[in-house]
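A closer look at the structure
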Amino acid sequence: MSALPRAHELGLIGCHVCGLVCRDTPMDDAACPRCGSALHRRKTASYARTWALLIAGFLLYIPANVLPIMRTASLGDVDDNTIISGVMELWNKGSPDLAVIVFTASILVPMTKFFVLTTLLVSARRGSNWARPQRAKLYRLVEFIGYWSMLDVFVVALLTALVQFGIFSLVAPLPGVIFFGLTVVLTMLASMSFDPRLIWDGRTDDD
Amino acid sequence: MAGMSVPSPAIEQAPAPVPAPLLICEHCDTVYRRRPLACGETARCARCDAVLERHQRLGTNAMLALILTAMLVFVEANVWPIVTLGLNGEKVATTLWGMILAMWHEDAKVVSVLAAATLFFFPLAKMIGMGWLLLFARKGQRAPGFRSLMVGLHYLHPWTMSEVFVLGVLVSIVKAHLYFEISPDPGIFAYAALAVLITIFAGVDLRQLWETLPEHATTEPTE
Ligand SMILES: [Zn+2]
Ligand SMILES: [Zn+2]
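Residues numbered from 1 in each chain as written. Chains lettered and ligands numbered in written order. Predicted model: local features only at pLDDT ≥ 70, side-chain atom pairs only at ≥ 80, totals over all residues. Heavy atoms only, no water.

**Here we look at the interface of chain B and chain A**
At the junction of the two partners, chain B supplies 79 residues and chain A supplies 83 residues. Both sides together, the interface formed by chain B and chain A hides about 7000 Å², and carbon and sulfur atoms give 72% of it. Linking E211 of chain B and R34 of chain A is a salt bridge whose minimum nitrogen-to-oxygen distance equals 3.0 Å. For the side of chain B that touches chain A, the element with the highest residue contribution is helix α5 (residues 162-177) of chain B, accounting for 12 residues. By residue class, the composition of the side of chain B that touches chain A is 52 nonpolar, 14 polar and 13 charged. (Contact = heavy atoms within 4.5 Å. Buried area = accessible area lost by both parts, 1.4 Å probe. Salt bridge = Lys/Arg side-chain N within 4 Å of Asp/Glu carboxyl O. Helix = DSSP H or I, 4+ residues; strand = E, 2+ residues; numbered from the N terminus. Nonpolar A, V, L, I, M, F, W, Y, C, P; charged D, E, K, R; others polar.)

See the structure below:
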């Protein structure tokens, strides 16, 4: 047996909700004796759910980027902003640092999530033992940064509430922002559905 | 932390807790024998480097005080205007709920619901839930509804977004500044304070309550 035994090798199962360590059981619908949550060796249907949520998130991310997220009207001058045009506007009008923050939250973070989760799904499915510690770190990174993408959604909401000066100036949300909000929620659900234990479940456990 | 071995009899019955003080890494399923942590120490998994356990610096009373402070700040953050905008002498201010309602009326109901949940209801539920649990934990008791609250808080954890909102206000101020004369109001400082407090809570692991509070502790504490 390896120096770092894993739960199934010792006939143990850990509750995913409260952390209680139990003896494994062949029962199908076993519940944690401490918190009552269902006991699983791995998250239920992790591959299928993660793929489904990730693909749905990606499909919604397309209209989120193509469609405008916000309309600004100033003295009859109507301007529809997409995510990327909003970033460029911040950059051009003298706030390059904030432009970088918004670009990171709205473009870089979602793209990283799609890329990392796809990599994790494919490599874990193949039982690959390539760069396991690094992949485990990537997963934790994705979990940590995920919700920061909501930034642009909140910005549109706040500007809508604030900039209401009749015909002189106003800001209104456009459908892109709804798609974007849903993308963030779906990718968060996708990363929660992925079971990082699968990274270590390869054909050969080499350490 | 070294691993260990435990005999594994296959028992054809309901799962029973293992009496030995064991700990399983949530990220890779490696089993460890638990050992007491020194002050400020963090135990990490030798296989995947995830955090296994952190020493809790804050006692129950300190955590409770933090939560009460957070609740006060939360009320302020919701009552005071977040930002005030001025154009040609005209002023417009908004609160969090002003923003949520504006999105509702502008036919972005999905966004309205998302904002209400992640910026108002979830943080509020988290604070009330933790406050309730700690109020009883102080007396060494499990609060009524302990089990479902502990499970509920576990699922709620990733869905509070006050700290993202604080950054969002900052970005909004700059964006609006491109067009208008704009000034931040006290509400934003309350949000910034709330974000700091929520970040501190995020590090608080209430899971320890499962162990520190025995299942049927209805008797008075013996302090
Ligand atoms: Zn449990
Ligand atoms: Zn681990």
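Structure shown, so let's carry the discussion forward.
**Here's the deal with the coordination of the zinc ion (ligand 1)**
In a perfect tetrahedron of four donors around a metal, the angles come out at 109.5 degrees. In a perfect octahedron of six, they are 90 or 180 degrees. Residue and element names in this part refer to chain A. C15 (SG), C18 (SG), C32 (SG) and C35 (SG) make up the full set of protein donors to the zinc ion (ligand 1), lying at 2.2 to 2.4 Å. Every donor counted, the four donor atoms about the zinc ion (ligand 1) form angles of 104 to 114° at the centre, which fits tetrahedral coordination. For the zinc ion (ligand 1), the single-chain donor residues occur in sequence as C-x2-C-x13-C-x2-C. Here C18 is found in the loop between β1 (12-14) and β2 (21-23), whereas its partner C35 is found in the loop between β2 and α1 (46-66), with 17 residues between them in sequence. Exposure remark for C18: the relative accessible area of 4% places this residue in the buried category. Judged by its relative accessible area of 5%, C35 is buried. (Donors = N, O, S within 2.8 Å, 3.2 Å for Na, K, Ca; no water. Tetrahedral: all angles 85-135°; square planar, octahedral: opposite > 155°, others 65-115°. Buried < 20%, exposed > 50% of the residue type's maximum accessible area, 1.4 Å probe, protein only.)

**Quick notes on the sheet that holds strand β5 (residues 83-87) of chain B**
What the three strands build is an open sheet, ordered β6-β5-β7 (chain B); its pairing is antiparallel. Every interior strand has two partners, whereas the edge strands, β6 (90-94) and β7 (181-184) of chain B, have only one. Taking each pair of neighbouring strands and ignoring which way they run, the sheet shows an average axis angle of 20°. Along the sheet, helix α5 (residues 151-162) of chain A makes contact with β5 and β6 of chain B, crossing β6 of chain B at roughly 140°. (Pairing = 2+ DSSP bridges. Axes fitted to C-alpha atoms, helices over the stretch in contact; angles between N-to-C directions.)

**Some thoughts on the domain arrangement of chain B**
Segmentation of chain B into domains returns domain 1 (22-54) and domain 2 (60-212). Of note, the centres of domain 1 of chain B and domain 2 of chain B, computed from C-alpha atoms alone, are 30 Å apart. (Domains from an automatic or database assignment.)

**Side note on the UniProt feature "transmembrane region" (unreviewed entry) in chain B**
Residues and elements named next belong to chain B. Those places that UniProt annotates as "transmembrane region" (unreviewed entry) correspond, in this numbering, to residues 62-83, 113-135, 156-176 and 188-206. Helix makes up 100% of residues 113-135 and strand 0%. Its end C-alpha atoms lie 31 Å apart. As a span, residues 156-176 carries 76% helix and 0% strand, and end to end its C-alpha atoms are 33 Å apart. (UniProt positions renumbered as here; feature names shortened; annotations may be inferred.)

**Some thoughts on the environment of W97 of chain B**
All names here are of chain B. Tracing the backbone through its elements, the reader meets W97 in helix α2 (residues 96-105). For W97 and S112, which are 15 residues apart along the polypeptide, the C-alpha to C-alpha distance reads 9.5 Å. For W97, the residues in contact, after removing those within four places along its chain, are N78, A116, F120 and F121.

**Concerning the sheet that holds strand β6 (residues 169-173) of chain A**
Residue and element names in this part refer to chain A. With antiparallel pairing, four strands are arranged side by side in an open sheet as β4-β3-β6-β5. A strand with exactly one partner marks an edge of an open sheet, and here the two such strands are β4 (77-81) and β5 (164-165). On top of the sheet, α5 reaches β3 (70-74), β5 and β6; it is set at about 140° to β6, its chief contact.

**Structural notes on the packing of helix α2 (residues 83-92) of chain A against helix α3 (residues 96-125) of chain A**
All names here are of chain A. Close contact between α2 and α3 brings their axes to 7 Å; oriented N to C, the two are set at 165°. Between α2 and α3, the angle falls in the class roughly antiparallel. Between α2 and α3 lies a crossing whose hand is left-handed. Here α2 contributes I83, I84, V87, L90 and W91 to the contact with α3, which in turn contributes P96, L98, A99, V100, V102, F103, S106 and I107. Partitioning the contact of α2 with α3 into residue classes produces 12 nonpolar, one polar and no charged. (Parallel < 35°, antiparallel > 145°, perpendicular 65-115°, else oblique. Left-handed = near helix turned anticlockwise from the far one by under 90°.)

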